[in-house]
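Geometric and topological summary
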Amino acid sequence: MINFTYTALPSRVVFGAGKLASVAEEVRAIGASRALVLCTPQQTKQAEQVAALLGDCSAGIHDGAEMHVPIESARKAREIARALGADCAVAVGGGSTIGLGKAIALDSGLPIIAVPTTYAGSEMTPVYGITENGIKTTGKDERVVPKSVIYDPELTYSLPLGMSLVSGMNAIAHAAEGLYAKDGNPVMSLIAEEGIRALAAGLPALRAGAQDAEARAQCLYGAWLCSSVLGHVGMALHHKLCHTLGGSFNLPHAETHSIVLPHSLAYNSPAAPDAMARIARAIGAKDGPKGLHALAQQLGVPMALRDLGVVESDLDRACDIALSNPYWNPRPIEAMPLRAVLQRAWEGSAPQP
Ligand SMILES: NC(=O)C1=CN([C@@H]2O[C@H](COP(=O)(O)OP(=O)(O)OC[C@H]3O[C@@H](n4cnc5c(N)ncnc54)[C@H](O)[C@@H]3O)[C@@H](O)[C@H]2O)C=CC1
Ligand SMILES: O=C(O)/C=C\C(=O)CC(=O)O
């Protein structure tokens with residue numbers, strides 16, 4: 001029986017190679033006139049390019065974005081925005097930089113334009129994360145949703161191939177879990193399936209040629225769709241496991257998603273057959289979790305948590321943390337099968353229900 005409630009988030013998306021050139025137009029389109037450009041120290045060249053395109057609309061560049069948005073970095077950025085008289089921020093980068101923009105927006109209401117340069121997918125969501133005293137708190141607030149998002153595949157050419165591939169798997173994770181979300185709906189399921197399809201086609205093409213314009217466009221298009229799913233419906237076991245592992249053992253975000261995904265989906269497969277069928281169809285495989293495991297192997301990305309430095313004796317603790325305060329999940333989360341999921345993800349063995 002079809003039965004759902006769907007609230008669409010407001011979004012304005014400008015997509016295409018070379019579309020960064022419209023950044024000043026986007027500033028005006030959201031009713032602003034003076035933008036602070038945010039980036040990490042690694043992306044100052046791209047930020048300078050944005051500032052040059054902004055011309056008179058540029059208030060300056062702040063290259064203080066950091067992983068997991070320490071609260072001090074958010075306070076400092078907000079002060080700089082105020083001192084420079086900025087009436088909006090343009091966040092050029094991945095989830096960390098867009099996260100900094102969101103932290104400023106949450107506190108001050110300063111509108112953000114996002115220019116994503118990875119496939120992580122923060123740009124279409126009301127989710128923010130801020131780290132204080134070593135603890136990352138996440139929440140949802142519509143004030144942090146970027147007012148406009150410019151997806152320009154040309155900005156992703158500089159993302160190293162390995163990071164591109166795991167970032168794409170991170171994006172697929174949002175869509176895959178969206179297909180069995182408690183608050184899922186037919187629109188998001190269509191978007192999720194198309195997002196997985198685009199990335200499952202684009203990532204192998206990217207591996208074959210990291211500067212392939214069509215592959216870069218496919219992957220960024222898929223990332224947009226997957227980000228939209230993340231923004232509209234709730235995530236489950238897979239995201240909980242990745243946040244537990246990432247936060248407790250300081251693991252790299254996208255690699256952790258990429259390794260865990262086939263195993264967490266296999267755990268959920270008996271409880272979510274329709275979602276698994278849609279994932280399988282999107283990637284052209286017989287089985288969703290096994291097909292994603294094969295895709296990761298084909299891409300040559302890390303396959304085992306032990307390759308990220310996790311020691312086997314940490315798995316019991318990871319399991320306990322994941323069991324505490326769990327997210328809603330289509331299959332009840334039980335200790336022994338969950339511990340087996342972690343074991344297989346640690347070894348990099350084949351996924352099993
Ligand atoms: N709030 C939300 O809805 C979401 C938040 N996130 C958060 O985002 C963070 C991860 O974001 P990611 O994008 O994976 O990594 P990231 O933003 O930390 O970037 C990783 C590194 O790659 C560099 N980089 C990014 N794009 C580049 C490019 N095109 N060329 C060269 N270097 C580039 C960055 O400057 C940085 O040094 C996590 O903290 C995660 O929790 C991720 C997804 C959704
Ligand atoms: O932790 C956050 O900042 C919020 C959401 C995500 O990171 C989503 C994800 O796990 O990719």
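All values reported here derive from a predicted model rather than from experimental measurement.

1. Here's the deal with the overall build of the chain
Check the secondary structure of the chain and you find 13 helices and 8 strands. Here the C-alpha radius of gyration of the chain, 19 Å, is about what a compact globule of 353 residues would show, namely 20 Å. Taken over the C-alpha atoms alone, the chain extends approximately 60 × 45 × 40 Å along its principal axes. Sequence-distant contacts, at least 24 apart, represent 76% of the contacts inside the chain between residues at least 6 apart. For the chain, the exposed area adds up to about 14400 Å²; of that, 53% sits on carbon and sulfur atoms. Distance between charge centres in the chain, computed from 28 positive and 32 negative side chains, equals 2 Å.

2. What about the site of ligand 2?
The full set of residues close to ligand 2 is Val127, Lys136, Thr138, Asn170, His174, His239, His243, His253 and His257. Within the side chain of Lys136, an N or O atom sits 3.2 Å from an oxygen atom of ligand 2. Residue His243 places a side-chain N or O atom 2.7 Å away from an oxygen atom belonging to ligand 2. Considered on its own, ligand 2 offers 310 Å² of accessible surface; in the complex 82% of this is hidden by protein. Mapped onto the shell around ligand 2, the elements with two or more residues apiece are β7 (135-140), α5 (161-178), α8 (237-249) and α9 (253-268). When grouped by side-chain class, the residues that make up the shell around ligand 2 number 1 nonpolar, 7 polar and 1 charged. Shared between two domains, the shell around ligand 2 holds at least three residues of each, these being domain 1 (12-156) and domain 2 (161-347).

3. Focus: the site of ligand 1
Taken together, the neighbourhood of ligand 1 is formed by 23 residues, with Thr40, Ser96, Thr117, Thr118 and Thr125 sitting nearest. The contact in question runs from a nitrogen atom of ligand 1 to an N or O atom on the side chain of Ser158, over 2.8 Å. In the complex, 85% of the free accessible area of ligand 1, which totals 860 Å², lies under the protein chains. Element by element, the count of residues in the shell around ligand 1 is highest for helix α4 (residues 95-108), at 3 residues. Residues belonging to the shell around ligand 1 are distributed by class as follows: 7 nonpolar, 14 polar and 2 charged.

4. Focus: the sheet that holds strand β1 (residues 13-15)
Within the open sheet, the 6 strands sit side by side as β1-β8-β5-β4-β2-β3. Their pairing is parallel. The outermost strands of the open sheet, each flanked by one partner alone, are β1 and β3 (58-62). Ignoring strand direction, the axes of neighbouring strands in this sheet form an average angle of 15°. Direction of pairing for β1 relative to strand β8 (residues 148-151): parallel, over a ladder of 3 bridges. Paired with Val14 across the bridge in β8 is Ile150.

5. Some details on the UniProt feature "domain: Fe-containing alcohol dehydrogenase-like C-terminal" (unreviewed entry) in the chain
The feature "domain: Fe-containing alcohol dehydrogenase-like C-terminal" (unreviewed entry), as given by UniProt, occupies residues 166-345 in the numbering adopted here. Secondary structure within residues 166-345 divides into 71% helix and 0% strand; the distance between the first and last C-alpha atoms comes to 15 Å.

6. Concerning the pairing of strand β4 (residues 88-93)
Every regular strand shows the same layout, with side chains that alternate between the two sheet faces. Along β4, 6 of the 6 residues are buried, which leaves the element largely enclosed by surrounding structure. Both faces of β4 are covered, namely the face carrying Cys88, Val90 and Val92 and the face carrying Ala89, Ala91 and Gly93. Bridge analysis of strand β2 (residues 35-38) against β4 gives 4 bridges, and the strand direction is parallel. In the sheet register, Val37 faces β4, and the bridge partner there is Val90. Bridge count for β4 against strand β5 (residues 112-116) is 5 bridges, and the pairing is parallel. Counterpart to Ala91 in the pairing with β5 is Ala114. Between β4 and its parallel partner β5, the chain crosses via α4, and the hand of that crossover is right-handed.

Basis of the calculations
Residue indices follow the written sequence of each chain, beginning from 1 at its first position. Note on labels: chains are lettered from A, ligands numbered from 1, in written order. For a predicted model such as this one, the threshold for reporting local features is a pLDDT of at least 70, and the threshold for listing and counting side-chain atom pairs is 80 or more; totals across whole chains, interfaces and linings nevertheless cover every residue. With hydrogens and water set aside, each side-chain value is computed from the structure's full complement of heavy atoms. Each helix is a run of H or I in the DSSP string that is no shorter than four residues. Each strand is a run of E no shorter than two, and both are numbered from the N terminus. In this treatment the radius of gyration is a C-alpha quantity, and the globule benchmark scales as 2.2 Å times the residue count to the 0.38 power. Between two residues, a contact is recorded if the distance between any of their heavy atoms is within 4.5 Å. Per-residue accessibility takes into account occlusion by the displayed protein chains alone, with areas from the Shrake-Rupley method and a 1.4 Å probe. Lys and Arg are tallied as positive, Asp and Glu as negative. Neither His nor the chain termini are counted. By convention, charge coordinates are those of NZ in Lys, CZ in Arg, CG in Asp, or CD in Glu. The criterion for a residue being near a molecule or strand is simple. One of its heavy atoms has to lie within 4 Å of it. As used in this structure description, the phrase polar contact means that two N or O atoms lie within 3.5 Å; if the pair is within protein, one of them must be able to donate a hydrogen and the other to accept it, and residues adjacent in sequence are counted only when both atoms belong to side chains. Polarity classes work like this: nonpolar for Ala, Val, Leu, Ile, Met, Phe, Trp, Tyr, Cys and Pro, charged for Asp, Glu, Lys and Arg, and polar for all others, with Gly in that last group. Residue ranges labeled as domains rest on an automatic or database domain assignment. Note on pairing: two strands pair once DSSP finds at least 2 bridges between them. For helices, the fitted line uses only the C-alpha atoms of the stretch in contact; every axis is such a line through C-alpha atoms, and the angle between N-to-C directions lies from 0 to 180 degrees. UniProt positions are given in the numbering used here, feature names are shortened, and annotations may be inferred rather than shown by experiment. Under the scheme applied here, a residue whose accessible area is under 20% of the maximum for its type counts as buried, over 50% as exposed, and between as partly exposed, the area being computed with a 1.4 Å probe on protein chains only. A crossover counts as right-handed when, viewed with the strands pointing away from the observer, the path leading from the first strand over the helix to the second turns clockwise.

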